[in-house]
Amino acid sequence: MALRLPPLHALEAFEAAARHQSFLKAADVLCVTQSAISHRIRQLEDDLGVKLFLRINRNIALTPQGESYLVAIRKAVDAGADLRFDL
């Protein structure tokens, strides 16, 4: 079975929401609606089969799985930042 990577926009939404600890602030940063962030996070959680955030009223907090995933995402982004393209 081939490994399917999550959509980049979902990873971007996850990282922004985790960094700002807010779907609303993530939406502002990414110039999308709060609903779009929520849908992207929910789809990512469904794809991964884990909850990444605890949702309490209008507040969010990373779950332990979310914290681990954030570390992995940041490592991948940092590694990708080292790539150079010679055209």
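See the structure printed just above.
Now for a look at the structure at hand.

## What to know about the pairing of strand 1 (residues 53–56)
Direction of pairing for strand 1 relative to strand 2 (residues 59–62): antiparallel, over a ladder of four bridges. Counterpart to Ile56 in the pairing with strand 2 is Asn59.

## Here we look at helix 2 (residues 23–30)
The complete set of buried residues in helix 2 reads Phe23, Ala26 and Ala27. One side of helix 2 carries all its buried residues, which in axial view fall inside an arc of 100 degrees. The inward-facing, buried residues of helix 2 abut helix 1 (8–20), helix 3 (34–48), strand 1 and strand 2. Its side-chain oxygen placed 3.2 Å from the backbone nitrogen of Leu24, Ser22 serves as the N-cap of helix 2. Taken from the residues just after helix 2, Cys31 is the one with a positive phi, measuring 60 degrees.

## Concerning the packing of aromatic side chains
Where two aromatic rings form a pair, the distance of their centres and the angle of their planes describe that pair. For the structure shown, the criterion picks out three aromatic pairs. With centroids separated by 5.4 Å and ring planes inclined at 90 degrees, the aromatic side chains of Phe23 and Phe53 adopt a geometry described as edge-to-face. Of this pair, Phe23 sits in helix 2 while Phe53 sits in strand 1; the two residues are 30 residues apart in sequence, bridging distant segments of the chain. Assessed through its relative accessible area of 8%, Phe23 is described here as buried. Judged by relative accessible area, which is 3%, Phe53 ranks as buried. Cluster of aromatic residues (ring-pair linked, three or more members): Phe14, Phe23, Phe53 and Tyr69.

## Section: unusual backbone geometry
Its identity as a non-glycine residue notwithstanding, Cys31 has a phi of 60 degrees, on the positive side. Looking at the element boundaries, Cys31 is found in the loop between helix 2 and helix 3. The backbone phi angle of Asn57 is positive, close to 55 degrees, even though this residue is not glycine. Looking at the element boundaries, Asn57 is found in the loop between strand 1 and strand 2.

## Quick word on the packing of helix 1 against helix 2
Where helix 1 contacts helix 2, the two axes come as close as 8 Å, and the packing angle between them is 125 degrees. Of the possible angle classes, the one that applies to helix 1 and helix 2 is oblique. For the pair helix 1 and helix 2, the sense of crossing is right-handed. In contact with Glu12, Ala13, Ala16, Ala17 and His20 of helix 1, helix 2 contributes Phe23, Lys25, Ala26, Val29 and Leu30. Tallied by class, residues from the contact of helix 1 with helix 2 come to seven nonpolar, one polar and two charged.

The rules behind the values
- Residues numbered from 1 in each chain as written.
- Predicted model: local features only at pLDDT ≥ 70, side-chain atom pairs only at ≥ 80, totals over all residues.
- Heavy atoms only, no water.
- Pairing = 2+ DSSP bridges.
- Helix = DSSP H or I, 4+ residues; strand = E, 2+ residues; numbered from the N terminus.
- Buried < 20%, exposed > 50% of the residue type's maximum accessible area, 1.4 Å probe, protein only.
- Arc of directions from axis to C-beta.
- Contact = heavy atoms within 4.5 Å.
- Polar contact = N/O pair within 3.5 Å; in protein donor to acceptor, adjacent residues only side chain to side chain.
- Phe/Tyr/Trp six-rings, centres within 6.5 Å; stacked < 30°, edge-to-face > 60°.
- Axes fitted to C-alpha atoms, helices over the stretch in contact; angles between N-to-C directions.
- Parallel < 35°, antiparallel > 145°, perpendicular 65-115°, else oblique.
- Left-handed = near helix turned anticlockwise from the far one by under 90°.
- Nonpolar A, V, L, I, M, F, W, Y, C, P; charged D, E, K, R; others polar.

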